[in-house]
Each structure stands twice: as C-alpha cells, then as structure tokens.
Amino acid sequence: MELDNKSMAAADDETEEKKMKQKRVGGIRTMPFIFANEICDRFANIGFHANMITYLTQELNLPLVKASNTLTNFGGTANFTPLIGALIADSFAGRFWTIIASSIIYELVSILPSLRPPPCPTQTNCVEASASQLWILYLSLLLTAIGSGGIRPCVVTFAADQFDMSKSGVAKRRWNFFNIYYFCMGLAALTALTVIVYIQDNVGWGWGLGIPTIAMAISIVAFIVGSPLYNKVKAGGSPLVRLAQVVVATVKKRDAVVPMDPKLLYENRELDADICLHGRLLHSNQFKCLDRAAIVTAGDEPKDSTTPPNLWRLCTVHRVEELKCIIRMLPVWAAAILLVTAQSHQQSFVIQQARTMDRHVAGSSFEIPPASLSIFGTLTVLFGLILYERLFVPFARRLTKNPAGITCLQRMGVGYAANILSTVVCALVEMKRKSAAADHNLLDNPKAIVPISVFWLVPQFCLHGVAEVFMSVGHLEFMYDQSPESMRSTAAALYWLSISIGNYVGTFLVTLVHKYTGSEENNWVPDRNLNRGKLEYYYLLVSGIQVVNLVYYVVCAWFYSYKRLEEVSSVYNEGDVELLANNNGTS
C-alpha cells in the first residue's frame, strides 16, 4: 500500500512537472526569435527583388514587358508555394521544422553564380542575356520561391501559436498582434529599400545580393536559438484529406434526409480533440447538404467505442463545419485576386517612370535610386499602423463597441477603395510626366531626364500604403481568424495564393494589352520608350477593374456569416464550455 502511494505521488509529481514545463513555453519572450526569422526573410526577399526590374533591364538587357512578366511570373510562383508549405506543416512536419527546412533552401541561392551579358552600349543595340544566363536566374528565383513557401504561411501562425488565443484578454487583442507583425515587416522592407537598393545602384550587385543572403543565414541561427522556448503545436493530419472525407461522405449519403434537429448529427469530442484544442465549431445552417456527411446510418458507428468510425462515410459536425468555413471564406478571398492583378506590374512600371524623372533631392547632387521610392509607401504603412492603433481604433470603438474598432471585413473594404484612388493617381501623374516630356521635345529620347520631379510619384505610394494598412492586414487577420483552428497555416497560404493568382492574371493582362494596343511606337505598355507609350490608359483600365471588384467584394462581405465556436473557458470546470459566436469578427 505504501509502495502504491509512493507510485501515485511520483506520478502526480511527473504530471505537475509536465504542466510546469508547458507553462514555461510560448509567450512574448519567443517573439524576438520568431520575428527575427520573418524580418530577415522579408529583408532578403525585398532586397533581392525590389530592384530586380533594374537588374533585368539594365544588367540582363531584357525588354520592359518581358522583364516585368518575368517578375510577375516569379511572384505567382513564390506566392503559390506557401500552399504546399502549409500543407506539409499542417499534415505532418509541423510549423517549426517547416520553417527551418525552408530557410535552409532559401540560403542555397548563395551558391549559384551570377552571369550577365556585355553592357548595353545604346538603347537600340543591346545583347540580351543568353538562355544559360537566364536559366541561372530562374533557378535562383525558384529556390527563393520554395524557401518562401515554407516561411510565409508558417511564421505568422507559429508566432500566434505562442499565445493562448482562447483567453478572452488575448483574443480581444488579436487585431493588435497582426498590426505589430505587419509593422515589423514594414521596418524590414524600409531597410531593404534604402540600404540594399542604394548598394545595388551605387556599389554593385555582388554586395547588393550578398547582404540579403547573409541576413537569411542570421535568421536561421536566431530561430534555432529560441527553440527551447517555443510552444510547438503538433500537426493535426492533412486538412485536405479531412475536407475530402466530408465531400465523399456527403456524396455517399446524397439520398439521406437531413434531420431538423442538428443535435441528431454525429459528434465525437475525443475524435476531434487533436484538431480543436480551443473548442469545436458549432453547427451552422449554411450549406446544409454537407450535413449528410454527419448523419448516422446503419453500420456507420464501430462496435468498439475505442475505434473511430470510417471517416469516408461518417464525419463529425466539427469536420463538416471546417469545410463550410473554407467555402464561406472563398468568395471574400477571391476578391483579393483582382486587387493584386492591378498592383502586379505597377512597381515595375513606376520604377521605369522614375528612371526618366529628376531624382535629385532639394537641389543637391544626391539622386534617389528609382526602386527606393517604395520607402514612401512603406513609411505610410509604418505610421499608418501606429495611427490606426492609437487614434482610429479608440475612436471607432466608441461608435461600434467592437474591441477592434471595425471588423476585418470593413477594414478590407476601406483598403480596396484606397487602392482605386492610388491607381487613378498613377494615371494622372503619367499624363503630367509625358506632358513635360512633350514640352521639352524629349518624346523620342527615352534615356533623357524629363524635367519633372520624381516626387510627383510619392502620392500614389502613400495611397497604396494606406490601402495596405487596411486591406493587407485586414485580409491576413480575416484568413487567420475565420479559418478552422487546424488549418491556419493553410489559411495563411490562401492569403499568399490570392497574390499568386493575381500575379499570373497580371501577366496575362499585360501580355494582352501589349499585344493588342498598337505598335511599339504608341503601345500602352512599350518595351523601350515610355514617352511614346500610353501607360496612363493601362492604369485607367485596372482602375475600372478594381471598381467592379469593389462592388463584388461589398456584396460578398454583406452576406458573409462569421464562424461560431464552442470554447473551453478557464473560469469553468474542465467539462464545461462557453459558447462564443464571432458575430463581430473578433473572438
């Protein structure tokens, strides 16, 4: 008896020790190590690609449209790979190991050589990069795309894993977490756009591409150093398999009658325990045809209570609601595609515009590198996030009674509207630039500096920054908040997937515009001479596309229903639950 008591005491001590160990992991102290990885990734990514249009057109001598399409195609690939990385993380590898493996792949870019054709003597006598030189470039871009594929969907969700989002105090500040995350990414972008772009234009591309590579190596070390502190959530199995099981079970029971009382549908807390740590999804009345997957028919439930049912015939309500969540999110998610399409070539075109304008600062000899103009958009994002959190949210909270001020859907809508204004301003500024070129007889001299200040381009960058403060942060928050708990890496990947598809559509749009809008002398998007082009028509075209897209988004947001969640509350006993309906966009 005494031995049994000692064994029980030892077991209790071991359990208590495990609980204490769990309490010691996670929390705010992990953020420096996690954000170091994401900040270095963003720094390296922007350092590699912010000025890449200059590298392609000035160093590899590619035509503007071919160079710009190369970048958007790469952007499409780089933003598609996060879906693969997320599925790997959610299915079996976990977010921690996916981040490490992807960071190492990203670092492999440093071992590839850099090959270039001879310098271009004149605007019309250029030797383009050879096929072998371009394939080295494509391989480098592919490695960075694969590396980003594991980092982008996992870091932000891995950071969120360090906090117990089921606690009311944390949940109400979730919007603040995403603001801080985006603010840190803005600081990384600002550093890359100033320091790295200047080095690339004035020192050389060897250092300009080498420094981002070094930064990526530092990020790997920083992330691994923080490993003992992390709360590492285990992978819950492939989310795509669970979604497929619901679809197959629904098809198999297509003739079954859905009961009027949802309590008659199949529930199994133990089966769902690993995929809903913070509570199960509650039944919703949308897409009721999918409820057939949770109807218990003869032979569905196993004879042994310890054996799970055949999930290709019988699914729990929670698993059915996971699929419903994804279906509800898709129309809102799809609206971001055309927004990205409108933006996909804008950066490349604006850099080429800036290269023809007076870039001197206040009469000094210092010239702003064309790609560094993006700092005005980045600064707008940084200051905008501070003003949003400190001024806008408290003011809006008094009116809406929402802890976040406005819902993430409302926030995204403001971003869509701001981006339309940004593109319209792009068209107006291009008209003014061409007018100045005509006034000084420079229309046929593409390399001449048009006597108009490059700072005319600043307003469109600022408006674009405002759009990011509302749209990009709101979209990321929406995908995280409204996705099923076990699919958050996949949901973050969907955020990047919208960017991927938008880039590919952008390539298709510019290719069509370039092909069908006249000869090279008066094409909307000319390869060599912007002064004779009609780039303002392209900007007006994408502005019109965005107006139609905004109307579509408003309709989708109006009819969207937030997910309803059953959460275990810390103020109740272990078996008790607290029901939370996310009717205001926050938990």
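- Taking an unreviewed UniProt entry as the reference, the protein is identified by name as Proton-dependent oligopeptide transporter family belonging to Trema orientale.
- For the record of the protein, the UniProt heading Sequence similarities (unreviewed entry) holds the text "Belongs to the major facilitator superfamily. Proton-dependent oligopeptide transporter (POT/PTR) (TC 2.A.17) family."

**Thoughts on the overall build of the protein**
Argument step 1. When helices and strands are counted, the protein shows 17 helices and four strands.
Argument step 2. Relative to its 587 residues, the protein shows a buried fraction of 53%.
Argument step 3. Within the protein, counting contacts between residues at least 6 apart in sequence, those at least 24 apart form 82% of the total.
Argument step 4. For the protein, the exposed area adds up to about 26200 Å²; of that, 64% sits on carbon and sulfur atoms.

**Observations regarding the confidence of the model for the protein**
Argument step 1. Confidence in the prediction for the protein averages 79 pLDDT; 85% of positions are at 70 or higher.
Argument step 2. At the low end of the mean pLDDT range in the protein sits strand β4 (residues 578–581), at 42; at the high end sits helix α17 (residues 535–559), at 92.
Argument step 3. In the predicted structure, residues 1–11 sits below a pLDDT of 50 and forms zero contacts with residues beyond four places in sequence or in another chain.
Argument step 4. When the criterion is pLDDT under 50, residues 14–22 qualifies, and its contacts beyond four places in sequence or with other chains add up to zero contacts.

**Points about a nonpolar patch on the surface**
Argument step 1. On the surface, Val424, Leu428, Met431, Tyr537 and Leu540 cluster together into a nonpolar patch covering about 420 Å² of accessible area.
Argument step 2. Elements supplying a minimum of two residues to the nonpolar patch: α14 (408–439) and α17.
Argument step 3. The biggest single contributor to the nonpolar patch is α14, with three residues.
Argument step 4. Locating Tyr537 in the fold gives a position in helix α17.

**Here's the deal with the nonpolar core**
Argument step 1. Among the nonpolar cores identified, the biggest contains 64 residues, and Leu56, Leu60, Phe349, Leu373, Leu457, Tyr538 and Tyr539 are the most heavily contacted of them.
Argument step 2. At seven residues, helix α7 (residues 174–202) tops the list of elements feeding residues into this core.
Argument step 3. In this structure, this core is formed jointly by two domains, domain 1 (24–236) and domain 3 (328–567), each of which donates at least three residues.
Argument step 4. Look past the residues within four positions of Leu373 in its chain and what remains in contact with it is Ala354, Ile368, Val454, Leu457 and Phe461.
Argument step 5. If you look at the next biggest cluster of nonpolar residues, it comprises 62 residues, including Phe470, Met479, Ala493 and Ile499.

**Overview of the packing of helix α11 (residues 317–343) against helix α16 (residues 488–516)**
Argument step 1. Packing of α11 against α16 brings their axes to within 7 Å, and their N-to-C directions diverge by 40 degrees. As the angle between them shows, α11 and α16 are arranged oblique. In the crossing of α11 with α16, the sense of the turn from one axis to the other is right-handed. The segment α11 lies against α16, with Trp333, Ala336, Ile337, Val340 and Thr341 engaging Leu494, Tyr495, Leu497, Ser498, Ile499, Ile501, Gly502, Asn503, Val505, Gly506 and Leu509.
Argument step 2. For the contact of α11 with α16, the residue count by class is 11 nonpolar, five polar and no charged.

**Some remarks on the packing of α14 against α17**
Argument step 1. Remark: α14 packs on α17, axes separated minimally by 9 Å, with the N-to-C direction vectors making an angle of 170 degrees. Between α14 and α17, the interaxial angle falls into the category roughly antiparallel.
Argument step 2. Among the residues making up the contact of α14 with α17, the classes are represented as 18 nonpolar, six polar and three charged.

**So, the pattern of salt bridges**
Argument step 1. Inspection of the entire model under this criterion finds nine salt bridges.
Argument step 2. Put simply, Arg390 and Glu389 hold a salt bridge, and the shortest N to O gap is 3.8 Å.
Argument step 3. Glu430 serves as the salt-bridge partner of Arg433, at 2.9 Å between the closest nitrogen and oxygen. Residue Arg433 and its partner Glu430 are located together in helix α14, separated by three residues, close to a single helical turn.
Argument step 4. Residue classification places Glu430 among the buried residues on the basis of a relative accessible area of 0%.

**Describing α16**
Argument step 1. A rise of 1.5 Å per residue sets the reference length of α16, with its 29 residues, at 42 Å; its end C-alpha atoms lie 42 Å apart and thus fit the reference within 8%.
Argument step 2. A positive backbone phi angle near 105 degrees is found at Gly518, which sits one or two residues after α16.

**Regarding the packing of aromatic side chains**
Argument step 1. In total, this model carries 18 aromatic pairs according to the counting rule given.
Argument step 2. Centre to centre, the rings of Phe392 and Phe470 are 6.0 Å apart; their planes meet at 80 degrees, and the pair counts as edge-to-face. Residue Phe392 is located in helix α13 (residues 374–400), and its partner Phe470 is located in helix α15 (residues 458–482); the two are separated by 78 residues in the primary sequence.
Argument step 3. Between Tyr416 and Tyr553, the ring centres sit 4.7 Å apart and the planes meet at 45 degrees, which makes this aromatic pair tilted. Note that Tyr416 is positioned in helix α14 and Tyr553 in helix α17, a separation of 137 residues in sequence. Of the two residues examined, Tyr416 and Tyr553, each falls in the buried class.
Argument step 4. Counting every residue linked through ring pairs, the aromatic cluster contains Phe96, Trp97, Phe158, Phe223 and Tyr230.
Argument step 5. In this structure, Arg411 is placed above the aromatic ring of Tyr388, and the distance from its NZ or CZ to the ring centre is 3.9 Å.

**Regarding unusual backbone geometry**
Of all residues except glycine, most have a negative phi; of all peptide bonds, most are trans.
Argument step 1. Here the phi dihedral of Lys401 falls at roughly 65 degrees; this positive angle occurs in a residue that is not glycine.
Argument step 2. Classification of Lys401 as exposed rests on a relative accessible area of 67%.
Argument step 3. Although it is not a glycine, Asn441 sits at a positive phi angle of roughly 55 degrees.
Argument step 4. Of note, Asn441 is situated in the loop between α14 and β2 (450–453).
Argument step 5. Owing to a relative accessible area of 70%, Asn441 belongs among the exposed residues under this scheme.

**Concerning the pairing of β2**
Argument step 1. Residues Val450 and Ile452 point to one face of β2 and are all buried, whereas Pro451 and Ser453, pointing to the other face, are not buried.
Argument step 2. Here two bridges tie strand β1 (residues 357–358) to β2, and the two strands are oriented parallel to one another. Its bridge partner being in β2, Met357 is matched across the sheet by Val450.

**Here's the deal with the environment of Pro403**
Argument step 1. With respect to the helices and strands, Pro403 occurs in the loop between α13 and α14.
Argument step 2. Separated by 10 residues in the primary sequence, Pro403 and Val393 have C-alpha atoms spaced 8.1 Å apart.

How each quantity is defined
- Residues numbered from 1 in each chain as written.
- Predicted model: local features only at pLDDT ≥ 70, side-chain atom pairs only at ≥ 80, totals over all residues.
- Heavy atoms only, no water.
- UniProt positions renumbered as here; feature names shortened; annotations may be inferred.
- Helix = DSSP H or I, 4+ residues; strand = E, 2+ residues; numbered from the N terminus.
- Buried < 20%, exposed > 50% of the residue type's maximum accessible area, 1.4 Å probe, protein only.
- Contact = heavy atoms within 4.5 Å.
- Areas by Shrake-Rupley, 256 points an atom, 1.4 Å probe, with all protein chains shown as cover.
- pLDDT = per-residue confidence, 0-100.
- Patch = residues over 30% accessible without salt bridge, like charges linked within 9 Å, V, L, I, M, F, W, Y side chains within 5 Å.
- Salt bridge = Lys/Arg side-chain N within 4 Å of Asp/Glu carboxyl O.
- Core = buried A, V, L, I, M, F, W, Y, C linked by side-chain atoms within 4.5 Å.
- Domains from an automatic or database assignment.
- Axes fitted to C-alpha atoms, helices over the stretch in contact; angles between N-to-C directions.
- Parallel < 35°, antiparallel > 145°, perpendicular 65-115°, else oblique.
- Left-handed = near helix turned anticlockwise from the far one by under 90°.
- Nonpolar A, V, L, I, M, F, W, Y, C, P; charged D, E, K, R; others polar.
- Expected span 1.5 Å × (residues − 1).
- Phe/Tyr/Trp six-rings, centres within 6.5 Å; stacked < 30°, edge-to-face > 60°.
- Lys NZ or Arg CZ within 6 Å of the ring centre and 35° of its normal.
- Pairing = 2+ DSSP bridges.

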